Amino acid sequence: MIRTILTAVFALLLSTATTTASTPRKGIGCWRTVNARKTAASRMQQMRVKTGDRTHFTGKNRGLVILAEFTDKKFKEAINHKLSGKAADKNGIMVDLNTAVKVSQQVAKGYGLTIIPGLEITRANDYGHFNALFTKDNNTIFDPDPVQSAKNAKAQGALIMHNHPGWRKKDLTPTPTEATLYAEGLVDGIEVVNGSEFYPGIIDRAHEYNFFVAANTDVHSTTALDYRLLGYDRPMTLVFAKEKTLESVREALEARRTLAYGFGAVSGEEQLLKDFFKASMQVSKVSDKAFMLTNKTSVPYTLRQEGKNPVALAPFSTIRVEGSGKFVVLNMFCGKERHPEVEFAF
């Protein structure tokens, strides 16, 4: 089934892959890129990005067909509560939190993109940040209590994703609010990669709570400025959906058929990683003791046979393999320190 589903993986396979140097952040189980991606020019440009611009830029990325558009709820809180002391539905300053979604949906028509409507539930960092996906009316989700906001989103059928769980933290321990949301079953997915941070330890949490895994840019300007023009691949969530429809994407998320791609690594559930890797390869027998292994995708791989040094398999390239067809794929993560083992019979 994986070969059929691969035709509906959103992003990645048509893009040119690059790798980035990275370094571990001690104590948090997080990897962060060495190179600073936010230049002064990029930060200045952030101030000029209008609603719909990111949809235009995404539409020009080859192979990308799904974009989630989120309105940041903190703007509503800041405008309505700090200035008037009232929520929008209590005759305070009116803010339509559905506008960004509507604008993006209109722009997306010109690129064949599908927009997932959503809202970010944002409070002080002590609470954590969450995205509500597949929302129906962003204006009805607000509540001063972030847990109640999540419940309001779930009441209209939204899926909730935990954003950057290690951001600005000393470790990956959930905050009290995060723990409450987990315990009440309000969270459906979690980011393993966010922007320039990679959290291998979160893969184990995803398994524990049955979350789908995600890798997202969290871009506040454009991916061109923050990634492409600097020579980096953007993080991407690979969704193994059967069709390019919102309903099919949602079904795949609920079934946890996702992988997180970022930092030149692919993370997620072990069997899905194995299936993805095997579907990405072409094997040609040379002799009883050797075969040619061709990488048909833009994902770079690092492979290790027992008793041998690791070998790199670059995107769209072929290597000759001697001996066993069994490998450990070192840049695939099915846990903080676990990698899938695959075997080819020939």
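Scroll up a little and you will see the structure.
Residues numbered from 1 in each chain as written. Predicted model: local features only at pLDDT ≥ 70, side-chain atom pairs only at ≥ 80, totals over all residues. Heavy atoms only, no water.

Our focus in this paragraph is the pattern of salt bridges. One pass over the structure, following the stated rule, counts 9 salt bridges. Residue Glu-254 pairs with Arg-250 through a salt bridge whose shortest N-O separation is 3.1 Å. Of this pair, Glu-254 and Arg-250 are both found in helix 10 (residues 246–254), 4 residues apart, which corresponds to roughly one turn of the helix. Judged by relative accessible area, which is 41%, Glu-254 ranks as partly exposed. Its relative accessible area of 22% is what places Arg-250 among the partly exposed residues. Between Lys-274 and Glu-270 there is a salt bridge, with the nearest N and O atoms lying 3.7 Å from each other. With Lys-274 and Glu-270 both in helix 11 (residues 270–279) and 4 residues apart, the pair spans about one turn of that helix. (Salt bridge = Lys/Arg side-chain N within 4 Å of Asp/Glu carboxyl O. Helix = DSSP H or I, 4+ residues; strand = E, 2+ residues; numbered from the N terminus. Buried < 20%, exposed > 50% of the residue type's maximum accessible area, 1.4 Å probe, protein only.)

For Asn-131, the position within the fold is in strand 5 (residues 129–133). At a separation of 3.1 Å, a polar atom in the side chain of Asn-131 contacts the side chain of Asn-163. (Polar contact = N/O pair within 3.5 Å; in protein donor to acceptor, adjacent residues only side chain to side chain.)

All right, on to the pairing of strand 4 (residues 114–122) then. Of all the 9 residues making up strand 4, 9 are buried; the element is thus mostly covered by neighbouring parts of the structure. Every second residue of strand 4 is oriented toward a common face, with Thr-114, Ile-116, Gly-118, Glu-120 and Thr-122 on one face and Ile-115, Pro-117, Leu-119 and Ile-121 on the other, all of them buried. Where strand 4 lies against strand 5, 5 bridges are found, and the strand directions are antiparallel. Looking at the pairing, Thr-122 lines up with His-129 of strand 5. (Pairing = 2+ DSSP bridges.)

It is worth spelling out helix 11 at this point. Leu-272, Leu-273, Phe-276, Phe-277 and Ala-279 are the residues of helix 11 that are buried. The arc enclosing the buried residues of helix 11, seen along the axis, measures out at 170 degrees, which places them on a common side. Sitting at the head of helix 11, Glu-269 places a side-chain oxygen 3.0 Å from the backbone nitrogen of Gln-271. (Arc of directions from axis to C-beta.)

We now examine the environment of Leu-253. Structurally, the position occupied by Leu-253 is in helix 10. With relative accessibility at 5%, the residue Leu-253 sits in the buried group. With 14 residues separating them in the primary sequence, Leu-253 and Val-239 have C-alpha atoms 7.2 Å apart.

Assignment of secondary structure puts Thr-135 in the loop between strand 5 and helix 6 (146–155). Contacts of Thr-135, omitting those with residues within four sequence positions, involve Pro-117, Gly-118, Leu-119, Ile-141, Gln-156 and Ala-158. (Contact = heavy atoms within 4.5 Å.)

Geometric values such as these leave the question of function open.
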